Amino acid sequence: MKGPPITRIGFFRKNVECKESRIGKHPIEVPSNVTIALEGQNLKVKGPLGELSRTYPREVKVERQESGLLKVSKALENRRANQMHGLFRTLTDNMIVGVSKGFEKRLQLIGVGYRAMLEGKTLVLNLGFSHPVRMAIPEGIQVKVEDNTRIAVSGNDKCAVGDFCASVRKWRPPEPYKGKGIKYADEIIRRKEGKAGKKK
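Below, the structure is looked at part by part. Given the structure is predicted, the values throughout are model-derived calculations rather than measurements.

Quick word on the environment of Y177
Point 1. By the secondary structure assignment, Y177 is in the loop between helix 2 (158-169) and strand 12 (181-184).
Point 2. Separated by 18 residues in the primary sequence, Y177 and K195 place their C-alpha atoms 10.0 Å from one another.
Point 3. Those residues within four positions of Y177 in sequence are excluded, and the remaining contacts are R191, K192, E193 and G194.

Some thoughts on the nonpolar core
Point 1. Counting 20 residues, the largest nonpolar core has L123, L125, V143, I151, V153, F164 and V168 as the members making the most contacts within it.
Point 2. Contributions of two or more residues to this core are made by strand 6 (103-110), strand 8 (122-126), strand 9 (133-136), strand 10 (141-146), strand 11 (150-155), helix 2 and strand 12.
Point 3. In this structure, V30, L52, L91 and I96 belong to the second largest nonpolar core, which totals 17 residues.

A few points about the side chain of N156
Point 1. Along the chain, N156 turns up in the loop between strand 11 and helix 2.
Point 2. Separated by 3.0 Å, the side chain of N156 and the backbone oxygen of L49 make a polar contact.
Point 3. Apart from residues lying up to four places away in sequence, N156 is in contact with L49, G50, E51, L52, N94, G98, V99, F103 and G140.

Focus on the packing of aromatic side chains
Point 1. On inspection of all chains with the given rule, the structure shows two aromatic pairs.
Point 2. Ring centres of Y56 and F88 lie 5.5 Å apart, and the angle between their planes is 50 degrees; this geometry places the pair in the tilted category. One end of the pair, Y56, is in the loop between strand 3 (50-55) and strand 4 (60-64); the other, F88, is in helix 1 (residues 79-100), and 32 residues separate them in sequence. There is no split in this pair, since Y56 and F88 are both buried.
Point 3. Between F129 and W171 the ring centres are 6.3 Å apart and the planes differ by 70 degrees, which places this aromatic pair in the edge-to-face class. Of this pair, F129 sits in the loop between strand 8 and strand 9 while W171 is found in the loop between helix 2 and strand 12, placing the two residues 42 residues apart along the sequence.
Point 4. For F129, a relative accessible area of 33% corresponds to the partly exposed category.
Point 5. In this structure, K105 is placed above the aromatic ring of Y184, and the distance from its NZ or CZ to the ring centre is 5.1 Å.
Point 6. In this structure, R172 is placed above the aromatic ring of F129, and the distance from its NZ or CZ to the ring centre is 4.4 Å.

Thresholds applied
- Residues numbered from 1 in each chain as written.
- Predicted model: local features only at pLDDT ≥ 70, side-chain atom pairs only at ≥ 80, totals over all residues.
- Heavy atoms only, no water.
- Helix = DSSP H or I, 4+ residues; strand = E, 2+ residues; numbered from the N terminus.
- Contact = heavy atoms within 4.5 Å.
- Core = buried A, V, L, I, M, F, W, Y, C linked by side-chain atoms within 4.5 Å.
- Buried < 20%, exposed > 50% of the residue type's maximum accessible area, 1.4 Å probe, protein only.
- Polar contact = N/O pair within 3.5 Å; in protein donor to acceptor, adjacent residues only side chain to side chain.
- Phe/Tyr/Trp six-rings, centres within 6.5 Å; stacked < 30°, edge-to-face > 60°.
- Lys NZ or Arg CZ within 6 Å of the ring centre and 35° of its normal.

Given below as structure tokens:
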């Protein structure tokens, strides 16, 4: 007895065209007070606030146009190059902004007895522990303490500024009931209602 006819299903691989990144296609304007040294896949940027360098992967390339603008483009046509394109354009722009204007993040301490102070190149935090928290300030990062409860972190490297602020905040993340802890100055804490007392 013959069974039902077997239907063969074929799968066709479709080549997906990698579109140009909407962020990566925009050229980067270089201020007059910033100098650029480009050697192959290595870029060095120097400005009033210091010097930064970066090595680019083979999927992207950096070119200086005749107009003075900096252009980040794809060197290969594949998925990874498409992913790297917008990322390294943003990283390059952050380098130029960093050495010309710099970056700053602000933290705020909320809580009874919470305070911060500077001792040389060390940030000392009193956060309700049995001992103060001491954090060494990395090279290239400037820290200012205002009114013992507000911390301003600045530098020319956006990643380094963000990493240091995150490492400070993780000691006492703001809790949702009373809002105690270390928060970013522009951070909005979603508050929760505490448990209601037992009715008599």
